[in-house]
Amino acid sequence: MKSTATNTPVRRRRSFSPKDRLTLSAFVGIPTAFHILLVWVPAIGTIGLSFTFWSGIHLSDIKWAGLQNYNNILTGTPVFWDAIWHNVIWLLWFGLIATPLGILLAYQIDRQIKGHRFYESAFFVPVVLSLAVTGIIWNFMLQPGGFIQGIMGRDISNPVSIYGNYSINTYVILGIASWRHIGYIMLLYLSGLKSVDPSLKEASAIDGATEWQTFRKVILPTMKPVNIIIIVITVIDSLRAFDIVYMIYGSSTGWPILGILVFQNISGGGMSMKGAAYAVILFALCIGPMITYLKQSFAEDVK
Amino acid sequence: MMSEQNNGISRRSVLKGAAVGGLGLAAGGSLLASCGKKDAGPMKWGGRGLEESSVKWHEAVKAAYETASGTTVTLNMNDSNAFQNNLSQYLQGTPDDGFDWMAGYRMQFYADQGLLEDVSSVWDSIGDQFAASYKQASTGSDGKQYFLPTSWYPWGLHYRKSTMTELGLDPENIANWDDFMKMLEATKKKGLIGYALGDKGGWEAMGTFDILNARINGYQFHVDLLAGKEKWTDAKVADVFKHFEMMIPYMNKNVLDISWEGMRDLLLQKKCGAMMMGSWFSGDFKTKSQADYDDLWIVPFPEINPEHARDTIDAPIDGLCVAANGENPEGGKALVEWLASKEGMQARLDSGNTFTSANSGQDTSTYDAFQKQQLAVMGEAKNITQFLDRDTRQDFANPVVAPAIQNFLRAPKDINKILESVQAQWDALPAL
Amino acid sequence: MTTAVVDKKYKNSQKTKDRIISIVIGFFALAWLFPIAWTIWSSLRPYNDVISNGVFSFPKHMNLDNYYNAIRLMKLPMYLTNSFLITFPAVILTLGFGSLIAFVVSRYSFKFNVALLLFFTAGNLLPQQLVFIPLFKMYLAIGDFFGNRALLYDSILGVVLIHVAFQLGFATFVLSSYLKTIPKEISESAMVDGASVWVHYTKIILPLLRPPLASLAVLMTTWIYNDFFWALVLMKSDSKRPITSALARLQGEFITDFNLLAAGAIVAALPTLLIFIVLRKQFVSGLTLGSTKG
């Protein structure tokens, strides 16, 4: 991206023709109304519903519940804490292992090491696959009769327990999730790296710094805006995690996580506003990172 | 809102129905008459189950109805799980006129919400083709009927005849719990899995829980427990899990890794002795090969408590409902009337479907040996339940009981804590 | 001067390090692709071959039978058409609306600019499930208001609209970032020349937005094509569902032909893989614009 000096909006009093005013109103109004109606109104609706008891069918059946759904979740649903714990583990894994790997990968590929074009594509392919396809691919690898079982010489009557083995299934799930996540982070970071001024790297090399030092002391600080965004995406995706777990365990709580609890309580005949409460808790946990993201993204504009 | 009486069907009523065998012309006559007067225009049928075998019989029956009535039917097939999970939206939105559904609490709930059409008039017309107990199971809490039964199947011990012969075992004659344990032990000694179980989906193990509870504590306790009248912390429930725990050493090691498909595969590939399942999976055996299907057999779960013997069985009833919000409810009624009748069910059986018809007038001479055995197993029971997740509240079955059983399978020693938690969560459920 | 010597030594040791790095990453890249390769491999073998001879046996038969059967059973034409009918309009509308907002917010200085951008970006981060229950009721109510209950529920239109609403935030954010890099002078001179807002947008800005629009189009297509949630909860007619439902038709075949399912998965993934391969460059630049600011 070029750095042009004169891009700040010029604040000038200007008068618009009526036709222009109309155009501008439409340009802003229509998309905004649309977005409010289909996203924000229902979101606020769900937040409100979390304070009620309702089966989801007749509006006349809505009964006020106050904080009872939340109370039920926090004190009467042990699986909730298992789910939160799993979200935390997910966050730690993504934050300390998967995302950093993606960043390092991006850096090496940006340096154009041999084969970098192939690597870029290879790591990104899992990101374009749909959930169902991902599920089938990994079932082929892990289930009884699958590749891993075959490698270990087990047939279907005595397979290695994977999804049901609670000492290792967490790592398996996180591994599959990382399979997608690392490629995504890699690409995000790569795009950012391409806009870093090459002369910075050259200067650092001339100064005798190793690649690692260059990365730590020069690249990383310059990429601060991107870093923030990567961190926030990592956090939000860890809290919102749902796909991979749903793909393996369906809507059962074989491996509880917040996203599954929401789904389990709003789908099926057992729809209860406890599901709405779960969704609100999820939303509340995401708000912190969201605000950070937005503040960072718009830091320049807020001047 | 739990209407306990509708959850069970007394055996005596079923017997009475079966004795009323060949209804022949009388029913046929009234059927043709109703066909003519009620069907108004094209209808829509919502079918469950996207597997090839399911689509096949749906299309065969649809074609047969179109020929018999001269009206067009639009068939709308759905994935079974997706359909179940979104039924609430389906019924509120733009449902098909008639659709495949199940008896029990799941039907009564939607009837109470006014989403199902009253089909008492259909019962007036073909009700004599069903045992009185089915009518009871099809009745909502307001005394009207909302459901037409079509097929049912038992939950029992399935096994391969050839495997049992090789092992020198005789599952048809297991007299009590000790004999059962001996059978599992003998199976394990020969290197096979005694009792296959896969509970990744959370519901599969409910079959085992249901039957153990019914055998040990009786039908009434089981029904009362699911209705909240008995407590999960009762010693009787702990006893059920004690027996369950005794079976664990004879199960496959990866119970929580696999779902029902895994169980089926274990039986298909001759890696296990017995498997507790509903007979609906037998179609898969038939698809694999006729030989495999012929090798398949079922017996009721053995007696444990002589006081209750083998008087109860989970025999879920599948059937049809008419949606209140459909475009053509009258057409829907005509559609389900024909589908549930002998003629409709015959068209289904003719397409190779391996279910047993709930219609007592059905010509069972074309049933194969396995179908006849299913009938025998169900016929033996005095009391019939619909399976845990059809017999209790939906916000309790899958969110609470399923994970509880999974936790038990992971750590059997924790059962007391688990049961306390289940009871606490039941108590915390809001009133319906 | 030791710089030259230091330089050379540094360059050599770095070259060796780089070679090692490349090999290590290469190994992981192959491991990354392996599960997909294994699935493709399995899809080319008839199931009976695998069952009788084992998973690792050298194949006696390899053919495309699984693909013929998968395509036949999956009813691809119907589902693919629906996917197209959903994805294409959704992408166009999202990009259209997004560009409108981005245009106003970055070319004109209004007080609400920042708030508006914040508003859209936050909306993009909301989880789908937070929104679904009231949205369903709203769709039915709007349908009833216009006399057609199936106007938005169980309709392609309804699914398109919710996709647009949800993706609008990301599109707006990316396009407004990009627009900031375009010199103000271009707009200034247009306005001085007396161009109306409409002309400003269509004749001047829109053509300049072609690169980011292309990249966003690629991204949005993939995301919307792969989505399974909205079609699952907002549609009841099988005939209207997109391709994410197609694989469910093969699930019952699991036992008799496991490898059939593999073929089905590959077939379902092909469109996105093709788009990715053909437009690889656009994918990268699409994400660039979202994550950095000039």
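Residues numbered from 1 in each chain as written. Chains lettered and ligands numbered in written order. Predicted model: local features only at pLDDT ≥ 70, side-chain atom pairs only at ≥ 80, totals over all residues.

A separate point is the overall build of chain A. Within chain A, the secondary structure is distributed over 13 helices and two strands. Relative to the 2.2 N^0.38 estimate, which gives 19 Å for 303 residues, the radius of gyration of chain A is 24 Å and therefore markedly larger than a compact globule would have. Taken along the three principal axes of its C-alpha coordinates, chain A extends 65 × 60 × 35 Å. Split into buried and exposed, the 303 residues of chain A put 49% on the buried side. Considering only contacts within chain A whose residues lie at least 6 apart along the sequence, 64% involve residues at least 24 apart. (Helix = DSSP H or I, 4+ residues; strand = E, 2+ residues; numbered from the N terminus. Rg over C-alpha atoms; globule rule 2.2 N^0.38 Å. Buried ≥ 20, exposed ≤ 12 C-beta atoms within 10 Å, placed from the backbone. Contact = placed C-beta atoms within 7 Å.)

Residues and elements named next belong to chain B. Spatial ordering of the open sheet is given by 3-2-4-11-5-12, a layout of six strands whose pairing is mixed. The two strands at the open ends of the sheet, each matched to only one other strand, are strand 3 (73-78) and strand 12 (356-357). Bridge analysis of strand 4 (residues 98-102) against strand 11 (residues 317-322) gives five bridges, and the strand direction is antiparallel. Note on strand 11: the bridge partner recorded for Phe99 is Cys321. (Pairing = 2+ DSSP bridges.)

Take helix 6 (residues 105-112) of chain B next. Residues and elements named next belong to chain B. Summarising burial for helix 6: seven of the eight residues are buried, a large majority. Every buried residue of helix 6 is listed here: Tyr105, Arg106, Met107, Gln108, Phe109, Tyr110 and Ala111. Contacts made by the buried residues of helix 6 are with helix 5 (87-92), strand 4, strand 11 and helix 20 (388-391). At the C-terminal side of helix 6, Gly114 shows a positive phi close to 80 degrees.

Moving on, we get to the interface of chain A and chain C. Chain A puts 84 residues into the contact, and the matching count from chain C is 76 residues. Grouping the amino acids of the side of chain A that touches chain C by side-chain chemistry returns 53 nonpolar, 21 polar and ten charged. (Nonpolar A, V, L, I, M, F, W, Y, C, P; charged D, E, K, R; others polar.)

For the rest of this paragraph, the subject is the nonpolar core. Core analysis: the biggest nonpolar cluster contains 288 residues, and A:Tyr189, A:Val245, B:Ala196, B:Cys321 and C:Ala265 have the highest contact counts within it. For this core, the element with the most residues is helix 7 (residues 156-180) of chain C, which contributes 15 residues. Not counting chain neighbours up to four residues away, the residues in contact with A:Tyr189 comprise A:Gly102, A:Ile103, A:Ala106, A:Val226 and A:Ile230. (Core = buried A, V, L, I, M, F, W, Y, C linked by C-beta atoms within 7 Å.)

Residues and elements named next belong to chain B. Segmenting chain B into domains produces domain 1 (8-153 + 316-371) and domain 2 (155-314 + 393-427). Every contact between the two is made by six residues of domain 1 and, on the other side, twelve residues of domain 2. The residue makeup of the side of domain 1 that touches domain 2, split by class, is three nonpolar, three polar and no charged. (Domains from an automatic or database assignment.)

Okay, the interface of chain B and chain C next. Opposite the 24 residues of chain B that make contact, chain C presents 21 residues. At the level of elements, helix 3 (52-69), strand 3, helix 5, helix 14 (260-268) and helix 15 (282-288) of chain B are the ones that each hand at least two residues to the side of chain B that touches chain C.

For any two helices packed against each other, one specifies the inter-axial angle together with the distance between the axes. All names here are of chain B. As a packed pair, helix 11 (residues 204-217) and helix 13 (residues 235-247) sit with axes 9 Å apart at the nearest point and diverge in direction by 120 degrees. Judged by the inter-axis angle, helix 11 sits oblique to helix 13. Where helix 11 crosses over helix 13, the handedness of that crossing is right-handed. Between helix 11 and helix 13, the contacting residues are Thr208, Phe209, Leu212, Asn213, Ile216 and Asn217 on the first element and Lys236, Asp239, Val240, His243 and Phe244 on the second. Class assignment of the residues belonging to the contact of helix 11 with helix 13 gives a composition of five nonpolar, four polar and two charged. (Axes fitted to C-alpha atoms, helices over the stretch in contact; angles between N-to-C directions. Parallel < 35°, antiparallel > 145°, perpendicular 65-115°, else oblique. Left-handed = near helix turned anticlockwise from the far one by under 90°.)

Here we take up the environment of A:Gly56. Of note, A:Gly56 is situated in the loop between strand 1 (52-53) and strand 2 (63-64). A sequence separation of 215 residues divides A:Gly56 from A:Met271, and the C-alpha atoms of the two residues are 6.5 Å apart. Apart from residues no more than four positions distant in its own chain, A:Gly56 is found in contact with A:Met271, B:Ser88 and C:Ile133.

Okay, helix 14 of chain B next. Residue and element names in this part refer to chain B. Of all nine residues that make up helix 14, eight are buried, and the element is covered over most of its length. For helix 14, the complete set of buried residues consists of Trp260, Gly262, Met263, Arg264, Asp265, Leu266, Leu267 and Leu268. Along its buried surface, helix 14 packs onto strand 6 (155-160), strand 7 (193-196), helix 11, strand 8 (272-278), helix 15 and helix 16 (290-294). Lys270 occupies a position one or two residues after helix 14 and carries a positive phi of about 60 degrees.

Okay, the sheet that holds strand 9 (residues 296-299) of chain B next. Residue and element names in this part refer to chain B. Reading across the sheet, the four strands line up as 7-8-6-9 and stay open at both edges, with mixed pairing between neighbours. Both edges of this open sheet fall to strand 7 and strand 9, since each of them pairs with a single strand only. Within this sheet the neighbouring strands show an average axis-to-axis angle of 25 degrees, counted without direction. Relative to strand 8, strand 6 runs antiparallel, the two sharing five bridges. Bridge pairing links Trp155 to Gly278 in strand 8. Strands strand 6 and strand 9 of the sheet are contacted by helix 19 (residues 369-380), whose axis makes an angle of about 10 degrees with strand 9.

All right, on to the confidence of the model for chain A then. Residue and element names in this part refer to chain A. When the pLDDT values of chain A are averaged, the result is 81; 90% of them are 70 or greater. Within chain A, the lowest mean pLDDT, 76, falls on helix 8 (residues 198-206), and the highest, 91, falls on helix 3 (residues 78-110). Segment residues 1-6 is flagged for pLDDT under 50; beyond a separation of four residues in sequence, or across chains, it makes eight contacts in the model. (pLDDT = per-residue confidence, 0-100.)

Residue and element names in this part refer to chain B. For chain B, the mean per-residue pLDDT works out to 85, and 91% of the residues sit at or above 70. When pLDDT is averaged over each helix and strand of chain B, the minimum, 32, is found for helix 1 (residues 11-19) and the maximum, 96, for helix 13. Every residue in residues 1-38 is under pLDDT 50, and counting partners more than four places away or in other chains gives 69 contacts.

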